[in-house]
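# Working through the structure, step by step
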Amino acid sequence: MKRVQFSSRWLPYLFLAPQMAIIFVFFYWPSVQAVQSSFYLEDPFGFGSTFVGLENYADILSSHEYLGIAKFTLVFTLLVTGLSLGLGLLLAVKADAVLRGSHSYKTLLIWVYAVAPPVAGLIGMMFFDQHIGPLVRAAAFFGWDMKVGLDYTDTAIAMITVSVWKQIPYNFIFFLSGLQSLPASVREAALIDCRSGARRFLDVTLPLLAPTAFFLLIMNMTYALFETFGIIDVIVKDKAANNPITLVYKVYMDGFRGNDLGGSSAQSVILMLIVFVLTIFQFRFIERRVHYG
Amino acid sequence: MQKLALSGLTLAFTATSTLAATDITWWHGMAGRNGEVINELATQFNAAQNACVLTPVSKGTYEEALAAGIAAFRSGDQPNILQVFDAGAATIINAPKAVIPAEDLIKGAGYDFNREDFIQGVRYFYADSDGKFVGMPFNSSAPIMYVNTEALQKAGIAGAPKTWEEFEAMAPKLKAAGYIPLVQSQLTWEFTENFFSRHDLQFATNNNGYDAVAGTEINVDAPEHVMMYQKLKDWYDDGWFGYFGAGWSDNQKPFEEDKAALWIGSSGSFGGLQKSAQMPFTASFLPYWNAIDGAGTNTFIGGAALFAMSGHDDAQNKCTADFFEFLTSPEVQYFWHKSTGYVPVTEAAYELAKADGHYDRFPAAEVGIKQLMLPGGEWSKGYRMGFYPQIREVMEREYGRIFAGETSVEDAMATIKSEGDALLARFAKTTASN
């Protein structure tokens, strides 16, 4: 690999400075602020604040409702990540095998990714609308009285379906380019060695795809935890009521809608810690199994 | 949409043509037709004088407008006027340094101000404990019952129910005629807050929260309130009551589409409903339980008020006062009332609407204001609770769980009371540091 040589020791730091400044202003500074205000109870208009120590954390962690939301977030994240990765991979493998018409097939799958999450939520909401939703009518045909917005489980199913639908194209693009960059020689060698397509996929293709899959795993978890916000907001129509919501939506409700800054800050600190622990876990335990070619 | 763009254009035009004038901004939480009418109001105000140019800015929903106003205040970039909705009133009234009381502002600008000019139901809600107006009542509404007249005819019923006892008697007939007998659009507002005012029951301790922030507790577990929700649940199970979730329009839609016979909505929905309803309709008062002693009092005011935010120079404050004065003039109030369905907030505007024959043409438009002018009771003046938007969220969650069959009415009310009281105590702590 070619190495760039700098004549001065400080020059590289200078080049890094703008980037570091942006990271500091938009990430570290707000994080420090969040940690700080999580120890206070603050008047919404900012006229005064009272130091309450860990009381905000104690309130949250002893709240039945918060723990319920945490549980749903876990289930939601696992399902969205698992389903969108699985389906994305399946579609990519099939697209990779197609020779003719593959271009239009790929375009059709990819365009969904260009849809903004709130728009996806809106489209999803129309599919699941109680009065006009075609999917609700389809469910009714099978005797399932689907009540999105009223029934907790039905709303959860709608949220997961729309979130997965929105994320599949992203995974598809990465998996497909991963598959297409696999060395032809390795594939041919595998073809000679083994007749079973499934075996070849599990023993050769999948391990070679592991770096892509690992990257996507992290991206999908972040997506499920944070970026589904727009979809959730549209599906619950700004009124969560008894519908399922995720932790990040709860932060928004308490902080922006409820003006409870201390409680909301404590929640975002907890969320930050969860992501921190998840990332460490993934890099320490899962990445060891990933082979970078 | 085209209309909206057009009024935006006129606005931009007037803004550039009067460069010497003082600019003031007004952040509000209204969209759709009501948002358009607000733009028209601003255009009228800007055309009526040369000193001030008012720019209204829609900030989304009521909650979003309040959050945006608070965030702007913290960064020193607040608008001159902020619209704050009923449930958020306690948040802003308990931050006295953030607002100039409307009454002080108007008197300071040299205008006369008489509280008695305002109708009964509006007089106390946005005032401090001495009755001084902190917010300027603007869009005021009442929860009223809209009636699908065709449905009643088909079921052979003479008129709308005045009491819930009467409703119980007619519900089976409406159901037999193929209608959902009753739908509503906001349980917290229509069947909790206004349940307490309509039946003159105490909603919260400390004089409904007016007397003190600390130690206020919410009375949702009052036996009468528990009974109301038990009835709603029973009606839901019998098919007499349709519930489609916490969203406003999900519940309005069956009425618009001629599938429901009765809909409890806002008197402010009248303007929109005239365009969207597919059948003839009329309106009547929010029913009450005859069996409850002292029932039949006026309802709380709903909607929102305008607050003059502090931190602006005298010229801008004068413009804000000018606009408040303009807004409460009978002609402007009548225009607003006519275009939206929100009630006129002054007696003079109501008289003007009557004299103009507005209610002969649209009898339903008079229902909201008449309901607000009903004799008041000890507990129907208003309520003031901090973090109330969150308490409403707790209610919405628990009410949804009642209809989904996940909890009993008694358990739901107990949960709301304990979580609500905790939120009230938490709010008391945040303002104690002021």
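Reading the values: rules and limits
- Residues numbered from 1 in each chain as written.
- Chains lettered and ligands numbered in written order.
- Predicted model: local features only at pLDDT ≥ 70, side-chain atom pairs only at ≥ 80, totals over all residues.
- Heavy atoms only, no water.
- UniProt positions renumbered as here; feature names shortened; annotations may be inferred.
- Helix = DSSP H or I, 4+ residues; strand = E, 2+ residues; numbered from the N terminus.
- Contact = heavy atoms within 4.5 Å.
- Buried area = accessible area lost by both parts, 1.4 Å probe.
- Salt bridge = Lys/Arg side-chain N within 4 Å of Asp/Glu carboxyl O.
- Polar contact = N/O pair within 3.5 Å; in protein donor to acceptor, adjacent residues only side chain to side chain.
- Pairing = 2+ DSSP bridges.
- Axes fitted to C-alpha atoms, helices over the stretch in contact; angles between N-to-C directions.
- Left-handed = near helix turned anticlockwise from the far one by under 90°.
- Phe/Tyr/Trp six-rings, centres within 6.5 Å; stacked < 30°, edge-to-face > 60°.
- Lys NZ or Arg CZ within 6 Å of the ring centre and 35° of its normal.
- Core = buried A, V, L, I, M, F, W, Y, C linked by side-chain atoms within 4.5 Å.
- Buried < 20%, exposed > 50% of the residue type's maximum accessible area, 1.4 Å probe, protein only.
- Patch = residues over 30% accessible without salt bridge, like charges linked within 9 Å, V, L, I, M, F, W, Y side chains within 5 Å.
- Areas by Shrake-Rupley, 256 points an atom, 1.4 Å probe, with all protein chains shown as cover.
- Disulfide = S-S within 2.5 Å.

### Some words on the UniProt feature "transmembrane region" (unreviewed entry) in chain A
Residue and element names in this part refer to chain A.
- Mapped onto this numbering, the UniProt entry annotates "transmembrane region" (unreviewed entry) at residues 12–29, 72–93, 105–128, 206–226 and 266–286.
- The span residues 206–226 is 100% helix and 0% strand, and its two end C-alpha atoms sit 28 Å from each other.
- End-to-end, the C-alpha atoms of residues 266–286 are 29 Å apart, and along that stretch the chain is 100% helix and 0% strand.

### Structural notes on the interface of chain A and chain B
- In this complex, chain A contributes 37 residues to the contact, which on the side of chain B involves 41 residues.
- It is A:Phe45, A:Phe47 and A:His131 that lose the most area in chain A upon contact with chain B, and together they represent 22% of the buried surface on that side.
- Among the ionic pairs, A:Lys239 bridges to B:Glu396, the shortest N-O distance being 3.2 Å.
- For the interface between chain A and chain B, the tally reads 15 residue pairs in polar contact (both at pLDDT 80 or more).
- Residue assignment for the side of chain A that touches chain B shows that the elements contributing at least two residues are strand 1 (40–42), strand 2 (49–51), helix 2 (55–61), helix 11 (247–257) and helix 12 (261–286) of chain A.

### Structural notes on the sheet that holds strand 9 (residues 260–266) of chain B
Residues and elements named next belong to chain B.
- Taken in spatial order, the 5 strands line up as 8-7-9-6-10 in an open sheet, and their pairing is mixed. Only two strands of the sheet have a single partner each, and these edge strands are strand 8 (241–242) and strand 10 (281–284).
- The pairing of strand 7 (residues 180–184) with strand 8 spans 2 bridges and is parallel. Paired with Val-183 across the two strands is Gly-242, which belongs to strand 8.
- Contacts from helix 7 (residues 164–176) reach strand 6 (143–148), strand 7 and strand 9, with the element oriented near 125° to strand 7.

### Regarding the packing of helix 14 (residues 330–340) of chain B against helix 15 (residues 347–355) of chain B
Residue and element names in this part refer to chain B.
- Interhelical geometry of helix 14 versus helix 15 gives an angle of 65° and a closest axis separation of 8 Å. The handedness of the crossing between helix 14 and helix 15 comes out as right-handed. Taken together, the residues of helix 15 that come into contact with helix 14 (itself represented by Pro-330, Glu-331, Gln-333, Tyr-334 and His-337) are Ala-348, Ala-349, Leu-352 and Ala-353.

### Regarding the packing of aromatic side chains
All names here are of chain B.
- Applying the stated criterion to the full structure yields 57 aromatic pairs over all chains.
- Through successive ring pairs, a cluster of aromatic residues spans Phe-125, Tyr-126, Phe-195, Phe-196, Phe-203, Phe-300, Phe-307, Tyr-383 and Tyr-388.
- The ring of Tyr-334 has Lys-338 lying over it, and the distance from NZ or CZ to the ring centre is 4.5 Å.

### So, the nonpolar core
- Formed by 142 residues in total, the largest nonpolar core has its most connected members in B:Trp164, B:Tyr229, B:Trp235, B:Phe323 and B:Phe324.
- When neighbours within four sequence positions are excluded, B:Tyr229 is seen to be in contact with B:Leu187, B:Phe191, B:Thr192, B:Tyr399, B:Ile402, B:Val409 and B:Met413.
- If you look at the next biggest cluster of nonpolar residues, it comprises 39 residues, including A:Ala34, A:Met159, A:Val234 and A:Tyr249.

### As for a nonpolar patch on the surface
- On the surface, a cluster of nonpolar side chains totalling about 890 Å² of accessible area is made up of A:Ile22, A:Phe24, A:Val25, A:Phe26, A:Phe27, A:Tyr28, A:Trp29 and A:Val32.
- Along the chain, A:Ile22 falls in helix 1 (residues 11–37).

### A closer look at the state of the cysteines
All names here are of chain B.
- Under the counting rule described, the total for this entry stands at 1 disulfide over all chains.
- A disulfide bridge connects Cys-52 with Cys-319, and the sulfur atoms are separated by 2.0 Å. One quick way to see it: the torsion about the S-S bond of Cys-52 and Cys-319 is about -85°, and its sign makes the bridge left-handed. Of this pair, Cys-52 sits in strand 2 (residues 52–58) while Cys-319 sits in helix 13 (residues 314–327), and the two are 267 residues apart along the sequence. Each member of the pair Cys-52 and Cys-319 is classed as buried.

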